[in-house]
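Architecture and fold: a report
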Amino acid sequence: MWISEVKESKEGAEVSFRGIVLRQKDGYRYKVFDRSGEIWIDSEFPLREGGAYEFVGRYKGGVVVVERAEELEEIDVKYFLPFAENPERDERRFWGVVERISDPRLREFVRFVFEPIWDEFKRGVAAKRYHHAYIGGLLEHTATVGEIVVRILPLYADYGINPDLVILGALFHDVGKAWELKTFPKFEYHEKYGKWGHIFIGANLIKEKGREFGLPEETLTDLVHIILAHHGEYGKGSPVSPRIPEALLVHLADNLDAQMNHVLKDESKD
Ligand SMILES: [Fe+2]
Ligand SMILES: [Fe+2]
């Protein structure tokens, strides 16, 4: 059974489930999780943090008193962690957005940045909890922010906005999350990169990659600005607020998708 079902069991009921050990407390108490949730268990048998087990026990007073625990030899990650619904579709959507960049040299720059990190980026999560908190969520979110700006840009075509810059900003805005958040055994901030945060990591990466690639200095300055400003204000983690319309557009598109995902995924759970 899923851990979410264990938690709904009657007092004293026998339960059996699989879980990964997240941490230990007071010697015998452990927190374990699967993709449906987490629970505290009491086990006389010593358990290994990060190990996956098959448990049998009784549900008493909100914890499971373990009677048997058997370590699983292989960990099926899909059983324990949530995944995006359709990563292949998201990958197609992402590269479809890249095609909308009109300058071929800038399209090449996107490949130059993403190709070496594609596996990590594809597996990335966009948040621990708030939005797109599942494996592949970072790609799904990035593809959607890209598609949002591609659709909105024609509305402002007469106002001198640089469409390529907006699309690049959308694709790169959260790239730092591929480092900031770890996905196993649990979605957590990385010990080192979590201290830097995805805004700095992304801005720094694009600054370095842009120089290496030979991106025009003006484009690089604005692109780094878009990444730095994408949370919109200082209080939300951005060191600068959007100073060019391209940055404002990426910020709003990002916010739109983050909030929509938060609400829609919550509703689909009911
Ligand atoms: Fe962000
Ligand atoms: Fe974002």
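Definitions and limits used
Residues numbered from 1 in each chain as written. Chains lettered and ligands numbered in written order. Predicted model: local features only at pLDDT ≥ 70, side-chain atom pairs only at ≥ 80, totals over all residues. Helix = DSSP H or I, 4+ residues; strand = E, 2+ residues; numbered from the N terminus. Buried ≥ 20, exposed ≤ 12 C-beta atoms within 10 Å, placed from the backbone. Contact = placed C-beta atoms within 7 Å. Pairing = 2+ DSSP bridges. Core = buried A, V, L, I, M, F, W, Y, C linked by C-beta atoms within 7 Å. Domains from an automatic or database assignment. Axes fitted to C-alpha atoms, helices over the stretch in contact; angles between N-to-C directions. Nonpolar A, V, L, I, M, F, W, Y, C, P; charged D, E, K, R; others polar.

1. Some points on the overall build of the chain
Tallying secondary structure elements over the chain gives 12 helices and 7 strands in all. For the C-alpha atoms alone, the extent of the chain along its principal axes is close to 70 × 35 × 35 Å. Per-residue burial for the chain yields a buried fraction of 35% across its 270 residues. Considering only contacts in the chain between residues 6 or more positions apart, those separated by 24 or more positions represent 56%.

2. Considerations on the pairing of strand E5 (residues 63-71)
With 2 bridges connecting them, strand E3 (residues 37-42) and E5 associate as parallel partners. Looking at the pairing, Ile 41 lines up with Val 64 of E5. Connecting strand E4 (residues 52-60) to the next strand, E5, in antiparallel fashion are 2 residues, including Gly 61 with a positive phi near 55 degrees.

3. Examining the nonpolar core
Grouped together as the largest cluster of nonpolar side chains are 64 residues, with contacts concentrated most on Val 64, Val 149, Ile 167, Ala 170, Ile 227 and Val 250. With 7 residues, the single largest contributor to this core is helix H7 (residues 163-172). Looking at which domains feed residues into this core, each of domain 1 (3-77) and domain 2 (81-269) gives three or more. In this view, Val 149 contacts Val 166, Ile 167, Ala 170, Leu 249, Val 250 and Ala 253; residues no more than four positions away in its chain are not counted.

4. Re the sheet that holds E5
Ordered by their spatial adjacency, 5 strands build a closed barrel running E1-E2-E3-E5-E4, and the pairing between neighbours is mixed. The mean inter-strand angle of the sheet, taken between neighbouring strand axes irrespective of direction, is 55 degrees.

5. Focus on H7
For H7, a buried count of 8 out of 10 residues is recorded, marking the element as mostly surrounded by other parts of the structure. What H7 keeps buried is the set Leu 165, Val 166, Ile 167, Leu 168, Gly 169, Ala 170, Leu 171 and Phe 172.

6. Describing the pairing of strand E2 (residues 29-34)
Going residue by residue along E2, you find Tyr 30, Val 32 and Asp 34 tucked away on one face and Arg 29, Lys 31 and Phe 33 left uncovered on the opposite face. Pairing analysis gives 5 bridges linking strand E1 (residues 14-25) to E2, with the strands arranged antiparallel. Paired with Lys 25 across the strands is Arg 29, a residue of E2. Two successive antiparallel strands, E1 and E2, enclose a turn made up of 3 residues, where Asp 26 displays a positive phi of approximately 55 degrees.

7. A few points about the domain arrangement of the chain
Per the domain assignment, the segments making up the chain are domain 1 (3-77) and domain 2 (81-269). Each of domain 1 and domain 2 has a C-alpha centre, and these two points are 37 Å apart. Residue composition of the side of domain 1 that touches domain 2, by class: 4 nonpolar, 1 polar and 1 charged.

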